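# Examination of the molecular architecture
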Amino acid sequence: MMMDVIDVAVVGGGPTGLMLACELALAGISVRVLERRVEPVQQARALTLHPRSLEVLALRGWEGPFLERGRPLPTAHFAMLDTRLDLSALDTTFKFTLFISQTVTEQLLEERARQLGVDVRRGCEVRELRQDADGVELAGTAGGESFRCRARYVVGADGARSIVRQLAGIAFVGTDTTITAMLGDVVLAEPPATPVLSVAHLRGGLMLVPRSPGIHRVLVVDPERMQAPVKESVTLDELRRSVTKIAGTDFGMREPQWLSRFGNETRLAENYMAGRVLLAGDAAHIHFPAGGQGLNVGLHDAMNLGWKLAGVLRDQAPPSLLESYHRERHPVGHTLLHNTEAQTALISFTPSGLALRDLMSDILKNPDLNRSLAERITGMDVRYPELELPAPRREGEPVKTLTGKRLPDLELRLPDGATRRLYSFMRDGKWLLLRLREGNGAPVQLDRGWMRWTNVVQARVGDDREELRELSALLLRPDGHVGQAWAR
Ligand SMILES: Cc1cc2nc3c(=O)[nH]c(=O)nc-3n(C[C@H](O)[C@H](O)[C@H](O)COP(=O)(O)OP(=O)(O)OC[C@H]3O[C@@H](n4cnc5c(N)ncnc54)[C@H](O)[C@@H]3O)c2cc1C
């Protein structure tokens, strides 16, 4: 039998795998998504897209359908504390959390992937993986038949129990579940007056958020039920009892769409790469789902990996560029686990736990501290170390203050006086050399391989952007982070 050979096989068609597939297809790479499920999943675990995720989508011009289907909320939460994180203070066009169900996010990403020509194969379960110096062979079952395929690289975006991670021999280091919480997507006959409600006292804690028209998500931490095993089903009666005990009412809950129990198992892949196998999303990191971060970080992993893998496959970058994926994203995974552990510690309804919650809530009334935590939870503060890259030979003196930081969607003024948004120049997934001084230089001399993959734009940025005022040029990576900056 002839072996089917492709550039990249992405195992798992969740949000991370689909986002990565879109990025690769945009760069002209042949990519196949192997997804075990025949039908899209109906239960929406995640409900949030954070500002950086909206920026990531906007970098490709894909944010529109998400904004149409979601609902903006100008705050986010940390450990269900009373003081919410104020996203309106962030330096971004998207000063809000977009409430959108994971089902919709996946549907929109899958549509985009198919439009870009990604071969999305549902009902394909990967069971075997073998790699050699040139590629990776996968085998599994599809519709009762066995299949095999070979790819130059494989990405495991196959979630928390990732078979790819296990077969590649990558350790998943961390701790087991010690507490569990309950979730119910229900109809509330008497919903609370505010869009979001948090309650915390000695009897436990809960949060109510609108999930979709007519449906609320109820999240409950009941000290008397925190030791229930994660596999034990939640009943509507159990949820109602806990909610009534904590809030004094069950809000008239009925017609459960989904009831689930989840825990705080916390693990990080020791390496995001083993030979030609890479990991992204939940396959690389799991944690207590506090602060609505997991899906978002998975999208950011995908955005970081896509252009690197494409560059290597097009022979425009050395394979060593892929090592920077682990170097850049593993610390982000570590920070994610760290802040969710901190939130788990704060989800404590003992007298001392409640005192700590009050103290934290007070501290978060300070706008600077509030903004700093909001930036951390939403991935806006991520800054990558300097990357060694083929770059323009001389655009001025190198300036390091911005290296590795993301840039917001700045308004640019073009030489003809027209204005355009920065991200509108990054839709094709290429690098962008932004020359900020008129007539500032010799013709662009980019390394040959990269030249075909770099757009060059002459523009000015408003003077209110102090950090950019002295710059003569900026080289932006395809993921919107600053590769290099120069002053005149
Ligand atoms: C209760 C709860 C609430 C949450 N709320 C939020 C939130 O508000 N915001 C947020 O950002 N995150 C939230 N999360 C986390 C979020 O759901 C995950 O981080 C996200 O789904 C990860 O996406 P992924 O694509 O990496 O993995 P997954 O969504 O798990 O997708 C993996 C895919 O791989 C497939 N697969 C698995 N094994 C194989 C195989 N062998 N062969 C082929 N396919 C395979 C699976 O069928 C699945 O479709 C929440 C999680 C929980 C449990």
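Keep in mind that this is a model prediction, so the values were computed, not measured. (Residues numbered from 1 in each chain as written. Predicted model: local features only at pLDDT ≥ 70, side-chain atom pairs only at ≥ 80, totals over all residues. Heavy atoms only, no water.)

## A short note on the packing of helix α1 (residues 15-26) against helix α7 (residues 294-313)
Close contact between α1 and α7 brings their axes to 8 Å; oriented N to C, the two are set at 30°. Taken together, α1 and α7 sit at an angle that is classed as roughly parallel. Every pair of crossing elements has a handedness; the one defined by α1 and α7 is right-handed. Counted together, P15, T16, M19, L20, E23 and L24 of α1 and L295, G298, L299, A302, M303, L305, G306, L309 and A310 of α7 form the full contact between these two elements. (Axes fitted to C-alpha atoms, helices over the stretch in contact; angles between N-to-C directions. Helix = DSSP H or I, 4+ residues; strand = E, 2+ residues; numbered from the N terminus. Parallel < 35°, antiparallel > 145°, perpendicular 65-115°, else oblique. Left-handed = near helix turned anticlockwise from the far one by under 90°. Contact = heavy atoms within 4.5 Å.)

## Digging into the packing of α1 against helix α4 (residues 102-115)
α4 packs onto α1 with a crossing angle of 25° between their chain directions and a minimal axis gap of 9 Å. Comparing their axes, α4 and α1 come out roughly parallel. For the element pair α1 and α4, the recorded crossing hand is left-handed. The segment α1 lies against α4, with P15, L18, M19 and C22 engaging Q102, E106, L109, E110, R112 and A113. Of the residues belonging to the contact of α1 with α4, the class tally is 6 nonpolar, 1 polar and 3 charged. (Nonpolar A, V, L, I, M, F, W, Y, C, P; charged D, E, K, R; others polar.)

## Things to note about the nonpolar core
In this structure, L309 and L474 are the most contacted members of the largest nonpolar core, which totals 113 residues. Considering every element that reaches this core, the biggest residue donor is α7, with 11 residues. Taken domain by domain, this core gets at least three of its residues from each of domain 1 (5-47 + 101-176 + 266-347) and domain 3 (397-487). Among all residues touching L309, those that are not within four sequence positions of it are V8, L24, Y153, V155, L278 and L322. (Core = buried A, V, L, I, M, F, W, Y, C linked by side-chain atoms within 4.5 Å. Buried < 20%, exposed > 50% of the residue type's maximum accessible area, 1.4 Å probe, protein only. Domains from an automatic or database assignment.)

## Quick notes on the pairing of strand β28 (residues 471-476)
In terms of residue burial, β28 counts as a mostly covered element, since 6 of its 6 residues are buried. Here 4 bridges tie strand β25 (residues 431-435) to β28, and the two strands are oriented antiparallel to one another. What sits directly across from R435, in β28, is A473. Between β28 and strand β29 (residues 482-487), which pair antiparallel one after the other, the connecting turn spans 5 residues, and G480 there sits at a positive phi close to 85°. (Pairing = 2+ DSSP bridges.)

## Regarding the domain arrangement of the protein chain
Along its sequence, the protein chain is organised into domain 1 (5-47 + 101-176 + 266-347), domain 2 (180-263) and domain 3 (397-487). The straight-line distance from the C-alpha centre of domain 2 to that of domain 3 is 48 Å.

## Re the sheet that holds strand β27 (residues 460-461)
With respect to topology, 3 strands assemble into an open sheet ordered β24-β23-β27, the strand pairing being antiparallel. Taken across any chain shown, the strands that pair with only one partner, and hence form the sheet edges, are β24 (419-421) and β27.

## Overview of the site of the ligand
Among the 31 residues in the neighbourhood of the ligand, the closest are listed as T16, E35, T48, Q102 and D282. Within the backbone of G292, a nitrogen or oxygen atom sits 3.2 Å from an oxygen atom of the ligand. When contributions to the shell around the ligand are tallied by element, the ones reaching two or more residues are α1, β2 (31-35), β9 (124-131) and α7. Its residues placed into classes, the shell around the ligand shows 13 nonpolar, 11 polar and 7 charged. (Near = heavy atom within 4 Å. Polar contact = N/O pair within 3.5 Å; in protein donor to acceptor, adjacent residues only side chain to side chain.)

## A word on helix α9 (residues 351-363)
In a regular helix each residue adds 1.5 Å, so 13 residues correspond to 18 Å; α9 covers 19 Å between its end C-alpha atoms and thus fits that length. Taken as a whole, α9 has its buried residues at G353, L354, R357 and S361. Buried residues of α9, seen end-on, are gathered within an arc of 95° and therefore sit on one face of the element. Opposite its buried face, α9 presents the exposed residues P351 and S352, each directed more than 90 degrees away. (Expected span 1.5 Å × (residues − 1). Arc of directions from axis to C-beta.)

## Focus: the packing of aromatic side chains
Counted according to the given criterion, the structure contains 4 aromatic pairs. When the ring of Y272 is compared with that of Y325, the centres are 5.8 Å apart and the planes differ by 55°; the resulting orientation is tilted. Pair noted here: Y272 is in the loop between β18 (266-269) and β19 (273-274) and Y325 is in helix α8 (residues 323-346), with a separation of 53 residues, a long-range link. Among the residues examined, Y325 registers a relative accessible area of 0% and is labelled buried. Considering the side-chain rings of W307 and W431, the 5.4 Å spacing of their centres and the 85° angle between planes classify their relative orientation as edge-to-face. With W307 in helix α7 and W431 in strand β25, the pair connects residues that are 124 residues apart, well separated along the chain. With a relative accessible area of 5%, W307 lands in the buried category. Residue placement shows R314 over the ring face of W453; its charged tip is 3.6 Å from the ring centre. (Phe/Tyr/Trp six-rings, centres within 6.5 Å; stacked < 30°, edge-to-face > 60°. Lys NZ or Arg CZ within 6 Å of the ring centre and 35° of its normal.)

## What about a nonpolar patch on the surface?
Together, L356, L359, I363 and L369 make up an exposed nonpolar region whose accessible area comes to about 340 Å². Looking at the nonpolar patch element by element, the count peaks at 3 residues for α9. Relative to the assigned elements, I363 resides in helix α9. (Patch = residues over 30% accessible without salt bridge, like charges linked within 9 Å, V, L, I, M, F, W, Y side chains within 5 Å. Areas by Shrake-Rupley, 256 points an atom, 1.4 Å probe, with all protein chains shown as cover. Salt bridge = Lys/Arg side-chain N within 4 Å of Asp/Glu carboxyl O.)

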